[in-house]
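Residue-level structure breakdown
Below are the chains, spelled out letter by letter.
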Amino acid sequence: MARERPARKLPRDPADWPAAVLAAVLAFLLFLPTLGSGFVYDAQSQILIGDYVHDPAHFVDVVTFRVLGHDVLDANRPVQLFSLMVDSFFWGRNAFGYHLTSNLLHAAATGLLCLIICRLVRAEGPERRAAGPGRFRLAAFLGAMLFAAHPVVVEPVAEISCREDVLAAFFTLFALWSAMHFGRGSSRLRHWPAWVCLAAVVLACGSKETGVVAPFAVALYWLLFRRNEPARPWLALAAGTFVAAGLFLAARFALQPRDSEIFLHQPQYLGGSLPMVFLIQPRIWAFLVRMIFWPLDLSADYVPQNIVWITLPIAGGILAVFLIGQALLAWRSRTAALGAAIFWLGLGPVSNFLPIFRPVADRFLYLPLAGLAMSAAGLLAWAACRRGFPVAAALAGLVLVLLAGLSWQRQPVFANSLNLWSDTLAKSPHSDTAANNLGWAQLEVKNYVPALTAFEKALNLTQGRKGDAWAGAAIAFEGLGRQADAEEALAKAIDADPVYASPERLKAALMMNQENLDILAVLLDRRAARPPGTQEAP
């Protein structure tokens with residue numbers, strides 16, 4: 001009879017948990033200002049205008065993933081919808097509770113990342129342990145905090161509709177954390193982490209498409225840290241994670257509705273074709289690298305003018321330096337190697353090889369930044385064996401303080417729509433989206449003249465082809481009592497996009513609140529009541 005393999009004890013260090021808890025608490029405290037923020041951007045449509053997440057009747061559809069076949073905002077991200085529905089159950093339309101959830105999720109992701117890095121660094125080898133547990137624990141803590149405090153994470157934490165990036169990263173890290181426990185412990189408990197890992201992979205994919213990183217992270221962890229163990233269990237686990245992710249993605253694309261009342265226009269390839277994407281995307285990657293190392297002038301909407309200075313040769317130089325740095329770190333540290341892989345894998349789903357609505361955004365860096373934090377911690381852990389570690393740790397601490405200061409300053413930008421779009425237009429003056437949304441933000445507070453100024457800028461940037469700006473201008477003119485101008489603006493909105501002739505379709509698309517829809521309905525009724533042949537405006 002074959003002898004049962006002796007149980008291997010999971011190497012534990014109870015001091016890891018206080019470090020992780022401290023990182024989580026500090027991450028939460030850093031984002032306290034967001035708790036007083038309101039709803040901005042898509043969160044207004046999804047939570048203030050839309051009713052889907054507020055209707056308990058939809059709970060079963062979301063939990064069973066049947067929502068994948070429904071025409072609903074974020075139907076392809078049922079875990080995101082579930083989190084919003086839970087918030088709605090407790091908080092209704094009170095923004096505080098939603099921000100509290102996002103803040104707690106970010107704190108949990110930070111603490112989990114700290115724990116993962118502690119375990120990874122400990123597994124590097126005896127030479128690392130010789131430096132003493134305190135040093136590499138400090139390296140893990142600093143790496144996790146660099147992730148938590150970076151200004152690019154403000155958008156996914158402070159903007160509720162971007163919580164999907166936080167969820168996808170959290171469950172990807174949780175899948176990795178579960179895999180780290182796979183095959184260890186007593187025979188009864190040896191394989192339970194596999195089921196937790198599979199569930200985490202599905203939840204990561206159900207949060208956002210970047211969740212497809214989770215199976216790769218699990219497989220790479222095995223190859224980098226556990227490859228000397230029997231391969232069959234690990235092959236089974238890795239295959240299971242890829243199958244789970246593949247089945248979800250297959251359902252996501254197979255079940256999505258062909259026609260939508262919410263998404264009236266489909267995204268297009270950058271430059272108009274896939275070959276052009278391969279010429280433009282390296283410039284975007286270089287821009288993202290620049291955002292990481294020089295996180296100033298961050299914007300909620302980036303346009304070509306933001307990256308015009310990054311030519312293809314400049315992009316090649318930036319990426320070459322960055323990749324060489326990652327390769328050198330990976331040569332020194334397996335933790336850094338895993339982090340580099342997660343960084344690039346995390347960018348893959350948002351790299352425009354399949355058309356997406358927003359070619360570049362701060363939130364796209366949330367999961368990649370967790371990978372970069374692993375690499376930074378790997379470098380610090382390597383330095384922990386050397387005399388220069390106190391200097392390296394002090395420099396990392398200084399960078400951390402600077403990043404935290406920038407994050408603290410950026411959070412008020414997301415407090416309300418006026419702040420957000422005023423800041424965005426200042427950072428991206430060629431963004432017609434920013435100008436248009438600023439106009440609508442001014443309408444929210446009945447500032448009709450500034451609203452018209454913003455809509456005029458949006459129309460100038462689009463050569464008068466932005467129907468939403470004409471519709472906003474019509475409402476502003478009506479608020480000023482300029483009825484003829486209001487009707488003329490509405491006519492131009494309808495010429496640009498016929499959807500503005502139908503308040504019902506606008507309501508289904510979650511494009512306007514009821515007050516503005518009522519104003520448009522009045523304008524449309526007035527136009528319909530005009531005798532034939534009457535001029536619309538002088």
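Calculation criteria
- Residues numbered from 1 in each chain as written.
- Predicted model: local features only at pLDDT ≥ 70, side-chain atom pairs only at ≥ 80, totals over all residues.
- Heavy atoms only, no water.
- Helix = DSSP H or I, 4+ residues; strand = E, 2+ residues; numbered from the N terminus.
- Buried < 20%, exposed > 50% of the residue type's maximum accessible area, 1.4 Å probe, protein only.
- Contact = heavy atoms within 4.5 Å.
- Axes fitted to C-alpha atoms, helices over the stretch in contact; angles between N-to-C directions.
- Parallel < 35°, antiparallel > 145°, perpendicular 65-115°, else oblique.
- Left-handed = near helix turned anticlockwise from the far one by under 90°.
- Nonpolar A, V, L, I, M, F, W, Y, C, P; charged D, E, K, R; others polar.
- Expected span 1.5 Å × (residues − 1).
- Salt bridge = Lys/Arg side-chain N within 4 Å of Asp/Glu carboxyl O.
- pLDDT = per-residue confidence, 0-100.
- Phe/Tyr/Trp six-rings, centres within 6.5 Å; stacked < 30°, edge-to-face > 60°.
- Polar contact = N/O pair within 3.5 Å; in protein donor to acceptor, adjacent residues only side chain to side chain.
- Core = buried A, V, L, I, M, F, W, Y, C linked by side-chain atoms within 4.5 Å.
- Patch = residues over 30% accessible without salt bridge, like charges linked within 9 Å, V, L, I, M, F, W, Y side chains within 5 Å.
- Areas by Shrake-Rupley, 256 points an atom, 1.4 Å probe, with all protein chains shown as cover.

What the protein contains, in helices and strands, is 24 helices and zero strands. Dimensions of the protein along its principal axes, counting C-alpha atoms only, are 95 × 50 × 45 Å. Per-residue burial for the protein yields a buried fraction of 54% across its 538 residues. Pairs at least 24 apart in sequence give 75% of the contacts found in the protein among residues at least 6 apart.

The next point concerns the packing of helix H5 (residues 95–122) against helix H9 (residues 163–180). Contact geometry of H5 with H9 gives a least axis separation of 9 Å together with a crossing angle of 30°. On the basis of the axis angle, H5 is roughly parallel to H9. The crossing of H5 and H9 is left-handed. For the contact of H5 with H9, the per-class residue count stands at 17 nonpolar, three polar and two charged.

With that settled, consider helix H12 (residues 231–255). Between its terminal C-alpha atoms H12 stretches 36 Å, which fits the 36 Å expected from 25 residues at 1.5 Å a residue. All of the buried residues in H12 are Trp234, Leu237, Ala238, Thr241, Ala244, Ala245, Phe248 and Arg252.

This paragraph deals with the pattern of salt bridges. Should their charged atoms come close, side chains of opposite charge can pair. For the structure shown, the criterion picks out 23 salt bridges. Here Arg77 and Glu164 are joined by a salt bridge, their closest N and O atoms 2.7 Å apart. Linking Arg77 in the loop between helix H3 (59–63) and helix H4 (78–91) with Glu164 in helix H9, this pair joins segments that are 87 residues apart in sequence. Across the salt bridge formed by Arg226 and Glu229, the nearest N and O atoms sit 2.4 Å from each other. The two residues Arg226 and Glu229 agree in class, both being buried.

Before going further, it helps to spend a moment on the confidence of the model for the protein. Residue-level pLDDT values for the protein average 90, and 93% of them are 70 or greater. Confidence drops under pLDDT 50 across residues 1–10; counting only partners more than four residues distant or on other chains, this segment forms 15 contacts.

On to the packing of aromatic side chains, then. Scanning the model with the defined rule gives 24 aromatic pairs in all. Plain terms: the ring middles of Phe216 and Phe242 are 4.9 Å apart, the flat faces sit at 90° to each other, and that makes the pair edge-to-face. Here Phe242 lies in helix H12 and Phe216 lies in helix H11 (residues 213–225), a separation of 26 residues in the sequence. With relative accessibility at 37%, the residue Phe216 sits in the partly exposed group. Assessed through its relative accessible area of 34%, Phe242 is described here as partly exposed. Here Tyr221 and Phe225 contribute two aromatic rings whose centre-to-centre distance is 5.7 Å and whose plane-to-plane angle is 25°, an arrangement assigned as stacked. Of this pair, Tyr221 and Phe225 both sit in helix H11, four residues apart, which is roughly one turn of that helix. In this structure, Tyr221 and Phe225 share a single accessibility class: buried.

So, on to the side chain of His181. Within the secondary structure, His181 is located in the loop between H9 and helix H10 (192–207). In this structure the side chain of His181 is engaged in a polar contact, spanning 2.8 Å, whose partner is the backbone oxygen of Trp177.

Once that is clear, we can look at the nonpolar core. Residues Leu113, Cys114, Ile116, Met374 and Met512 are the most contacted members of the largest nonpolar core, which totals 149 residues. The next biggest cluster of nonpolar side chains, apart from the first, holds 15 residues, and it includes Ile47, Tyr52, Val53 and Met85.

This part covers the environment of Trp309. For Trp309, the location among the structural elements is in the loop between helix H13 (274–293) and helix H14 (312–332). Here Trp309 falls in the partly exposed class, since its relative accessible area comes to 42%. As a C-alpha pair, Trp309 and Phe287 span 22 residues in sequence and 9.7 Å in three-dimensional space.

The next thing to look at is unusual backbone geometry. Keep in mind that most residues, glycine aside, have a negative phi and that most peptide bonds are trans. Its identity is not glycine, yet Asp297 carries a phi of approximately 60°, on the positive side. Here Asp297 is to be found in the loop between H13 and H14.

This next bit is on the environment of Tyr302. Looking at the secondary structure, you find Tyr302 in the loop between H13 and H14. On the basis of relative accessibility, which here comes to 6%, the residue Tyr302 falls in the buried class. Sequence separation between Tyr302 and Pro429 is 127 residues, and the spatial gap between their C-alpha atoms is 9.6 Å. Ignoring sequence-local partners within four residues, the contact set of Tyr302 consists of Phe287, Met291, Asp297, Val360, Ala361, Asp362 and Ser428. Within the structure, the side chain of Tyr302 is placed 2.9 Å from the backbone nitrogen of Ser299, a separation counted as a polar contact. Separated by 2.6 Å, the side chains of Tyr302 and Asp362 make a polar contact.

Quick look at a nonpolar patch on the surface now. A contiguous nonpolar patch, built from Phe59, Val60, Val63, Phe82, Val86, Phe89, Phe90, Trp91 and Phe96 and spanning about 860 Å² of accessible area, is present on the exposed surface. Here the nonpolar patch gets five residues from one element, more than from any other, and that element is H4. With respect to the helices and strands, the residue Trp91 is situated in helix H4.

Its 28 residues give H5 an end-to-end C-alpha distance of 41 Å, which sits within 8% of 40 Å, the value for a rise of 1.5 Å per residue. With 23 of 28 residues buried, H5 is to be regarded as a mostly interior element. A distance of 3.1 Å separates the backbone nitrogen of Phe96 from a side-chain oxygen at the start of H5, and that oxygen is part of Asn94.

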